[in-house]
Amino acid sequence: MSIEQWEVFFKTLSTPFYKEFVLRGLFITLKIAVLGFILGVFLGTILALIQVAYNKNVIVKILDKVCKAYVALFRGTPMVVQLLLAYYVLLPLMSIGNVNSETVGIIVFGMNSAAYVSEIMRGGINSVDSGQLEAGRALGLGYTITMIKIVIPQAFKNILPTLGNELITLVKETSVLSFIVVSDLYTSLKTLGKEIYNLKPPYIFMAVIYIIIVLIITLIIRAVEKALAKSDKKSGATAKIKAVKKV
Amino acid sequence: MNNNVILSVKNLTKSFGNVQVLKGIDLDVSKGEVIAIIGPSGCGKSTFLRCLNCMEDPTSGSIFFDDVDIADVKVDINVHRRHIGMIFQQFNLFNNKTVLENITLAPLYIKTKEERKKKLTNFFIRVTNLFKSKGSKKELLNVIPKKKIVAEETQKAMDLLKKVGLEDKANVYPSTLSGGQKQRIAIVRALAMDPQVMLFDEPTSALDPEMVGEVLDLMKNLADDGMTMVVVTHEMGFAREVASRVLFIDEGVIKEENAPKEFFGNPKNERLKEFLSKVL
């Protein structure tokens with residue numbers, strides 16, 4: 001590849017129109033991935049909690065089956081198919097007009113991610129020693145409050161690296177959003193490539209951008225992990241002493 | 001029934017699937033009594049103890065605590081568990097909380113919840129008061145501010161920690177503590193709830209021999225202070241010295257029950273004789 005090709009590419013990229021177009025694409029990619037991830041963690045936690053519920057009465061048992069079916073459905077079909085179904089089949093069927101395709105993207109990403117997160121979360125909750133729940137219950141705390149205050153924070157710490165994987169997967173999967181006409185990072189750079197009749201530089205460029213995003217996410221997750229690991233190390237204790245001394 | 005009886009077990013049975021672990025146990029625990037339960041492993045002594053605060057739901061029978069049958073599923077077990085402390089073999093301190101938070105978590109949560117309930121009641125009283133004449137207005141409940149509760153509970157926790165000589169550990173995480181320290185803090189955590197009975201499930205079995213002493217000393221002090229205790233243990237010395245009654249459970253029933261002197265000095269049951277000859 002010659003230098004000229006890159007020169008043309010960067011020249012076009014630096015024009016105000018394409019600069020804004022590509023930056024917007026980058027923003028949309030991040031927005032859909034992050035919002036989808038948040039939705040996924042929220043829904044996934046609920047799905048996981050239903051599946052590990054301690055009190056298995058009839059309603060919980062039915063909900064449990066529904067959750068299992070949900071997970072099977074969303075893990076069993078590709079994200080592209082889910083996007084296409086949601087945008088071109090479900091939306092017209094429900095006769096809802098004028099829905100922003102980005103919103104559809106966020107919802108589908110969230111629901112898809114929820115299926116994976118629920119399994120991660122379930123493993124995380126099961127990885128917490130059952131004695132923790134027992135101790136809370138023995139003190140007269142209810143099941144829900146013990147889960148919220150004791151078990152889930154510990155589970156969350158255990159599964160953080162795996163959750164990071166999920167976020168990274170989502171960022172990269174945004175490239176399929178072009179199927180429902182969302183101009184994400186991939187689509188915007190591809191459009192640019194078509195403009196200059198040369199797709200090679202944009203493809204290499206987008207690979208680099210994806211890698212950079214993923215590296216940044218990795219760093220953030222490491223930092224969060226470190227912050228949460230304070231209860232495993234002695235050094236974490238000193239920071240807390242100051243806080244409590246004020247009381 | 002004796003008024004002093006605080007915990008009364010009537011014909012308690014427990015089955016796991018087809019295996020019947022407890023085959024009908026009766027026991028009355030009076031205030032201030034220290035009951036030691038010994039027996040071979042797998043005899044059901046831990047299961048029995050866990051049934052006493054319904055950590056395991058009894059299959060049949062009843063458990064009267066303060067004259068309420070807590071084995072009844074309709075009873076809100078959480079309310080009663082608050083008055084029954086439980087100490088586990090594996091300590092089970094909350095790993096994600098500091099020592100102080102471990103101790104204050106449950107009392108703080110329970111008390112602030114009560115205050116929140118009071119606030120809600122106050123709101124309704126205010127609303128209904130609007131429609132009442134001046135003389136017949138209902139009085140509002142007294143709500144304790146959260147800050148005061150936090151300060152009180154922190155103070156109480158620190159006092160208890162001082163008693164067990166661990167006040168310098170208030171702000172560290174459990175992972176930095178030794179087994180003996182963990183167990184003493186677990187006891188403090190239970191004490192912070194002002195329990196009427198304390199259940200100990202092999203409290204020293206997971207400890208280094210060196211650390212057994214410090215935990216047993218603390219339990220002795222508790223017994224001297226008049227705490228009602230039910231202790232499943234393998235420490236025959238503790239049972240002999242501190243217990244007011246010793247129970248021998250085997251094959252899911254109480255085989256022998258006596259004061260420690262008679263129990264160890266003159267055992268009657270054949271199985272108990274055999275057991276004691278092995279462990280003493």
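Here the structure is a predicted model, which is why all the values come from computation and not from measurement.

Draft legend 1. Expanded view of the overall build of chain B. Looking only at helices and strands, chain B has nine helices and ten strands in total. Across its three principal directions, the C-alpha atoms of chain B cover 75 × 45 × 35 Å. As presented, chain B carries roughly 13,300 Å² of accessible surface, and 50% of it is formed by carbon and sulfur atoms. Positive and negative side-chain charges in chain B, numbering 40 and 37 respectively, have mean positions lying 9 Å apart.

Draft legend 2. Layout of the interface of chain A and chain B. In this assembly, 26 residues from chain A lie in contact with 29 residues from chain B. Approximately 2,500 Å² of surface area, both sides summed, lies buried where chain A meets chain B, with 61% of it carried by carbon and sulfur atoms. At the boundary of chain A with chain B, the tally comes to one salt bridge. With a closest N to O distance of 2.9 Å, Glu134 of chain A and Arg50 of chain B form a salt bridge. Put simply, chain A and chain B have eight residue pairs in polar contact (both at pLDDT 80 or more) between them.

Draft legend 3. Layout of the pairing of strand β1 (residues 5-16) of chain B. Residue and element names in this part refer to chain B. Sheet analysis places β1 next to strand β2 (residues 19-30), joined by nine bridges and oriented antiparallel. Of the residues in β2, the one forming a bridge with Leu12 is Ile25. The antiparallel hairpin formed by β1 and β2 contains two residues in its connecting segment, where Gly17 sits at a positive phi of about 65°. In the sheet, β1 pairs with strand β4 (residues 60-65) via five bridges, with the strands oriented antiparallel. Of the residues in β4, the one forming a bridge with Thr13 is Ser60.

Draft legend 4. Molecular detail of unusual backbone geometry. Residues and elements named next belong to chain B. Not every positive phi belongs to a glycine, and Asn11 is a case in point at roughly 45°. Tracing the backbone shows Asn11 in strand β1. In this structure Asn11 comes out as partly exposed when scored by relative accessible area, which is 46%. We note that Glu202 has phi near 45°; this positive angle belongs to a residue other than glycine. Structurally, Glu202 can be placed in the loop between β7 (197-201) and α6 (209-224). When its relative accessible area of 11% is taken as the criterion, Glu202 is described as buried.

Draft legend 5. Here's a closer look at the pattern of salt bridges. All names here are of chain B. Evaluation of the coordinates by the stated rule reveals 21 salt bridges over all chains. As a salt-bridge pair, Lys111 and Glu153 come within 2.6 Å of each other at their nearest N and O atoms. Here Glu153 lies in helix α4 (residues 146-163) and Lys111 lies in helix α3 (residues 99-129), a separation of 42 residues in the sequence. By sharing partners, the salt bridges in this structure join Asp250, Glu251, Lys255 and Arg271 into a single network.

Draft legend 6. Layout of the packing of helix α3 (residues 58-76) of chain A against helix α5 (residues 101-127) of chain A. All names here are of chain A. Running from amino to carboxyl end, α3 crosses α5 at an angle of 120°, the nearest separation of the two axes being 9 Å. With respect to their mutual orientation, α3 and α5 come out oblique. For the pair α3 and α5, the crossing hand works out as left-handed. Seen from α3, the contacting residues are Tyr70, Val71, Phe74 and Arg75; seen from α5, they are Met111, Asn112, Ala114, Ala115, Tyr116, Ser118 and Glu119. Residues belonging to the contact of α3 with α5 are distributed by class as follows: seven nonpolar, two polar and two charged.

Draft legend 7. Local environment of the sheet that holds strand β8 (residues 228-232) of chain B. All names here are of chain B. If you trace the six strands from one edge of the open sheet to the other, you get β6-β7-β8-β3-β9-β10, paired in mixed fashion. The sheet terminates laterally at β6 (84-87) and β10 (253-258), the two strands that pair on one side only. Going from strand to strand, the sheet's axes swing by 20° on average, the running direction of each strand aside. Pairing analysis gives four bridges linking strand β3 (residues 34-38) to strand β9 (residues 245-250), with the strands arranged parallel. Considered in β9, the bridge of Ala36 is made with Val246. Sitting on the sheet, helix α5 (residues 179-191) touches β6 and β7, and the angle it makes with β6 is about 170°.

Draft legend 8. Representation of the pairing of β4 of chain B. One ladder, built from two bridges, connects β4 of chain B with strand β5 (residues 68-69) of chain B; its direction is antiparallel. Along β5 of chain B, the bridge assignment pairs Phe65 of chain B with Val68 of chain B.

Draft legend 9. Structural detail: the packing of α3 of chain B against α4 of chain B. Residues and elements named next belong to chain B. Running from N to C, α3 and α4 cross one another at 145°; their axes reach a closest spacing of 9 Å. In terms of crossing hand, the pair formed by α3 and α4 is right-handed. Here Val99, Leu100, Ile103, Thr104, Pro107, Leu108, Lys111, Thr112 and Glu115 of α3 lie close against α4, whose contacting residues are Lys146, Ile149, Val150, Glu153, Thr154, Ala157, Met158 and Leu161.

Draft legend 10. Looking closely at the sheet that holds β2 of chain B. Residue and element names in this part refer to chain B. Ordered by their spatial adjacency, four strands build an open sheet running β2-β1-β4-β5, and the pairing between neighbours is antiparallel. Here the strands that pair on one side only, and so sit at the sheet edges, are β2 and β5. Along the sheet, helix α1 (residues 45-52) makes contact with β1, β2 and β4, crossing β1 at roughly 125°.

Procedures and definitions
- Residues numbered from 1 in each chain as written.
- Chains lettered and ligands numbered in written order.
- Predicted model: local features only at pLDDT ≥ 70, side-chain atom pairs only at ≥ 80, totals over all residues.
- Heavy atoms only, no water.
- Helix = DSSP H or I, 4+ residues; strand = E, 2+ residues; numbered from the N terminus.
- Areas by Shrake-Rupley, 256 points an atom, 1.4 Å probe, with all protein chains shown as cover.
- Lys, Arg positive; Asp, Glu negative; His and termini not counted.
- Charge placed at Lys NZ, Arg CZ, Asp CG, Glu CD.
- Contact = heavy atoms within 4.5 Å.
- Buried area = accessible area lost by both parts, 1.4 Å probe.
- Salt bridge = Lys/Arg side-chain N within 4 Å of Asp/Glu carboxyl O.
- Polar contact = N/O pair within 3.5 Å; in protein donor to acceptor, adjacent residues only side chain to side chain.
- Pairing = 2+ DSSP bridges.
- Buried < 20%, exposed > 50% of the residue type's maximum accessible area, 1.4 Å probe, protein only.
- Axes fitted to C-alpha atoms, helices over the stretch in contact; angles between N-to-C directions.
- Parallel < 35°, antiparallel > 145°, perpendicular 65-115°, else oblique.
- Left-handed = near helix turned anticlockwise from the far one by under 90°.
- Nonpolar A, V, L, I, M, F, W, Y, C, P; charged D, E, K, R; others polar.

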